[in-house]
Amino acid sequence: MSEVTGSAPTRALLSLAAVAVAFAAADTYVVVLALPDMMTSVGVPIDQLQRAAPIISGFLLGYVAMLPLIGRIADLRGRVPVLVFSLVLFALGSLVTALAYDMPSMVIGRFLQGVGGGGLVPATLALVADLYPKERRGVPLGIVSAVQEIGSVIGPLFGAVVLAFADWRAIFLINLAVGLLLAAALRSIASPLAELPADSPLVEQARQRRVETKVKRPDLLGALLLVATLVAGALVFVRPAELLRDLTWGQLFIPYVGSGRWLTPIGLIAIGAALLLVARCLVAKRPLLDLRRWGASLVEADLVGALLLAVALAGVILAFATADPKIQVFSDRGWWFLLGSAVASVLFVAHLRRAAAPLLPRGALRRTPAWGALLVSFFIGAALIAALIDIPLFARTTVYPDSQLAAALVLVRFLVALPVGAVIGGYLIRRLSPGVVTAAGMLLAAAGFVLMAQWGLTTVEEPIANLGLITGGLGFGLALAPVNAALLAFTDDDVHGVASAFVVVSRMVGMLVGISALTTIGLRRYYSEQGVIPPVREVCDGRTRCKEFSDLLRVAGIAQEHTVFYGAAVCAVVAAVLALVLFRTATATPLSTRDALSIH
């Protein structure tokens, strides 16, 4: 592939995609501060936090479970159409979340946000592979990884700023506006064929877009049906008080049967308009949305295999994400979720062997660095989640028991260092092998965790705490770009989307399994430390509570966090060793496909 880094359309296209990834990443964390208000708005008491778990797990489910399917469609339909579709879906999910009136509608909105936000990542990584030759991908991959982590930093701050001036719904309305603006900007970019390398997959995509632009006319009827669907649907969600009190218009909101909002006249109008819109898109010659083509892409991408994999991933996600980590590893039905996941996994593997065109093409990950990237990514995720969860938790346990925001700002120091490391890692793999850079990064992350495991009751407030935070953040950042570079260098161009999706899925599953396993180990240490604490009345001279006893409990909590940090350090070391072994054939300037095949 020829050099394309000087192309202005290339830079604009990748910049917009990177901004979209950062914005979606910010939404993952913005909900943390808004969660109490979101719970109250749908009738869930603040003291019943476990009932809000679907708000979190719904997003995770959408983000992870549908990633492989979206990645495969990106291979078949092109990166830019999938990026635009993902942004529109993210915007739709934001709208549904902003208008949500009960828990199911809020979870549906968060699920759609997860699907759209997750779909941006593999399409953007594959876009880097399309636009840059192998020896020039390091820095762009580092930048994409960096902006994704910058989104993690911006998320809580963005949420705090919005909540200081407006209701939580304003967060998601801003998401709606930005998502649609980014989608429109991406769609408007037409990369000139002359500025793309001849073997780039974007050449045929650009040519096809030009042809479609010339022949396609606006579908006015489809647009009217879309407006009717959105307006009627919004009225079902919002139910304006002025209309409800009106003797005439208020009849539109009276249910025909029961008390469901969708069984009212306005609800049935919304459903009818949506069905007519779907029918229009299926039968029109030039529809507003080409559902026939997207449907064909779903079939070609192996929808059956994608659904089996989605069920398998959903079982893992629900087993871990719906549990209360303070008291249990799995949710009450966790083992049933895992059993269902195991059955779906067996069926998925069997399907891959039989299907003519499976979701993951046979041999797509046959080279060692390719499947090795999935394994390394799993352990990186298992270690990273300890930082994301337990650094704020340590701060809450010690010096900030009454301030969630102050505890979150401690994590920001770690997250600021992470994107810096990502850019450095992308630059280093121009000169060093991905295995060496990944191993160095993860050993640095392990050192950061060991330093955190020395923290005491007041260390978080002291400058010395920054050493562990910055060391850990830089280490994780260094490892991000090399893993993606190894994967993209040792997979074929026509599977970059689905392969990138599997790396992201592997890291997310590693995070879920890691937090469960590390929390279990940490809790055992906590209960062991708590067991040697004298009775409260003995410590407090007959009183039921005193500062001395509280300090003993905090020391036990610190011991728990220290154990988690040591466990995360072990995961980081395992990731480093695996990277050295599995990426040993991935050189600083990746081998050609033919050379790689001759080795394996």
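Residues numbered from 1 in each chain as written. Predicted model: local features only at pLDDT ≥ 70, side-chain atom pairs only at ≥ 80, totals over all residues. Heavy atoms only, no water.

Turning our attention to helix α9 (residues 220–238). Taking 1.5 Å per residue, 19 residues should reach 27 Å; α9 reaches 27 Å between its end C-alpha atoms and fits that length. Among the residues of α9, Gly222, Leu225, Thr229, Ala232, Gly233, Val236 and Phe237 are the ones counted as buried. The buried side chains of α9 occupy one side of the element, clustering within an arc of 140° when seen end-on. Across α9 from its buried face, at more than 90 degrees, point the exposed residues Leu220 and Leu224. Summarising the contacts, the buried residues of α9 are in contact with α4 (79–99), α5 (103–131) and α11 (265–283). (Helix = DSSP H or I, 4+ residues; strand = E, 2+ residues; numbered from the N terminus. Expected span 1.5 Å × (residues − 1). Buried < 20%, exposed > 50% of the residue type's maximum accessible area, 1.4 Å probe, protein only. Arc of directions from axis to C-beta. Contact = heavy atoms within 4.5 Å.)

In this section: the packing of helix α2 (residues 53–65) against helix α19 (residues 496–531). Taken N-terminus to C-terminus, the directions of α2 and α19 make an angle of 145°; their axes are 9 Å apart at the nearest point. Two secondary-structure elements touch here, α2 through Leu60, Tyr63 and Val64 and α19 through Val504, Val505, Met508 and Leu512. Partitioning the contact of α2 with α19 into residue classes produces 7 nonpolar, no polar and no charged. (Axes fitted to C-alpha atoms, helices over the stretch in contact; angles between N-to-C directions. Nonpolar A, V, L, I, M, F, W, Y, C, P; charged D, E, K, R; others polar.)

Moving on, we get to the packing of helix α3 (residues 67–77) against α5. Packing of α3 against α5 brings their axes to within 9 Å, and their N-to-C directions diverge by 50°. Our classification of the angle between α3 and α5 gives oblique. The interaxial crossing formed by α3 with α5 has right-handed handedness. For the pair α3 and α5, contact is made by Leu67, Ile70, Gly71 and Ala74 and by Val115, Gly118, Gly119, Pro122 and Ala123, respectively. (Parallel < 35°, antiparallel > 145°, perpendicular 65-115°, else oblique. Left-handed = near helix turned anticlockwise from the far one by under 90°.)

What follows concerns the packing of aromatic side chains. Per the counting criterion, the structure on display carries 13 aromatic pairs. Seen in terms of ring centroids, Trp168 and Phe172 are 5.8 Å apart; in terms of plane orientation they differ by 80°. Their pairing is edge-to-face. Here Trp168 and Phe172 have matching classes, each one buried. When the centroid spacing of 6.1 Å and the interplanar angle of 25° are considered together, the rings of Phe449 and Phe565 count as stacked. Within this pair, whereas Phe449 is found in helix α17 (residues 434–452), its partner Phe565 is found in helix α21 (residues 547–582), the two being separated by 116 residues in sequence. Neither Phe449 nor Phe565 differs from the other in exposure class; each is buried. The side chain of Arg77 reaches across the aromatic face of Trp294, ending 4.1 Å from its centre. (Phe/Tyr/Trp six-rings, centres within 6.5 Å; stacked < 30°, edge-to-face > 60°. Lys NZ or Arg CZ within 6 Å of the ring centre and 35° of its normal.)

On to the pattern of salt bridges. Taken as a whole, this structure holds 7 salt bridges when the rule is applied. Here Arg366 and Asp492 are joined by a salt bridge, their closest N and O atoms 3.9 Å apart. On the criterion of sequence distance, the pair formed by Arg366 in the loop between α14 (334–354) and α15 (368–397) and Asp492 in the loop between α18 (465–489) and α19 is long-range, its members being 126 residues apart. Residue Arg366 is classed as partly exposed on the basis of its relative accessible area of 41%. A salt bridge links Arg367 to Asp492; the shortest N-O distance between them is 3.3 Å. With Arg367 in the loop between α14 and α15 and Asp492 in the loop between α18 and α19, this residue pair connects regions lying 125 residues apart in the sequence. Beyond isolated ion pairs, a larger network of salt bridges with shared partners links Arg72, Asp75, Arg79 and Asp130. (Salt bridge = Lys/Arg side-chain N within 4 Å of Asp/Glu carboxyl O.)

What follows covers a nonpolar patch on the surface. There is a patch of nonpolar side chains on the surface, built from Leu432, Val436, Leu443, Val573, Val577, Leu580 and Val581 and spanning about 540 Å² of accessible area. It is α21 that provides the largest number of residues to the nonpolar patch, a total of 4 residues. (Patch = residues over 30% accessible without salt bridge, like charges linked within 9 Å, V, L, I, M, F, W, Y side chains within 5 Å. Areas by Shrake-Rupley, 256 points an atom, 1.4 Å probe, with all protein chains shown as cover.)

Along the chain, Ala279 turns up in helix α11. For Ala279 and Gly222, which are 57 residues apart along the polypeptide, the C-alpha to C-alpha distance reads 9.6 Å.

What follows is about the nonpolar core. One finds Ile391, Phe414, Met442, Phe449 and Phe476 to be the most contacted residues of the largest nonpolar core, which totals 134 residues. Among the elements that make up this core, the one with the highest residue count is α15 (15 residues). If you look at the next biggest cluster of nonpolar residues, it comprises 19 residues, including Val31, Met38, Val44 and Met106. (Core = buried A, V, L, I, M, F, W, Y, C linked by side-chain atoms within 4.5 Å.)

The next thing to look at is the side chain of Ser506. Structurally, Ser506 is set in helix α19. Judged by relative accessible area, which is 13%, Ser506 ranks as buried. When sequence neighbours within four positions are dropped, the list of residues in contact with Ser506 reads Leu374, Ser377 and Phe378.

Another point: the side chain of Ser297. With respect to the secondary-structure elements, Ser297 resides in helix α12 (residues 291–300). Filtering out sequence-adjacent residues up to four positions away, Ser297 remains in contact with Ile73, Leu76 and Arg77.

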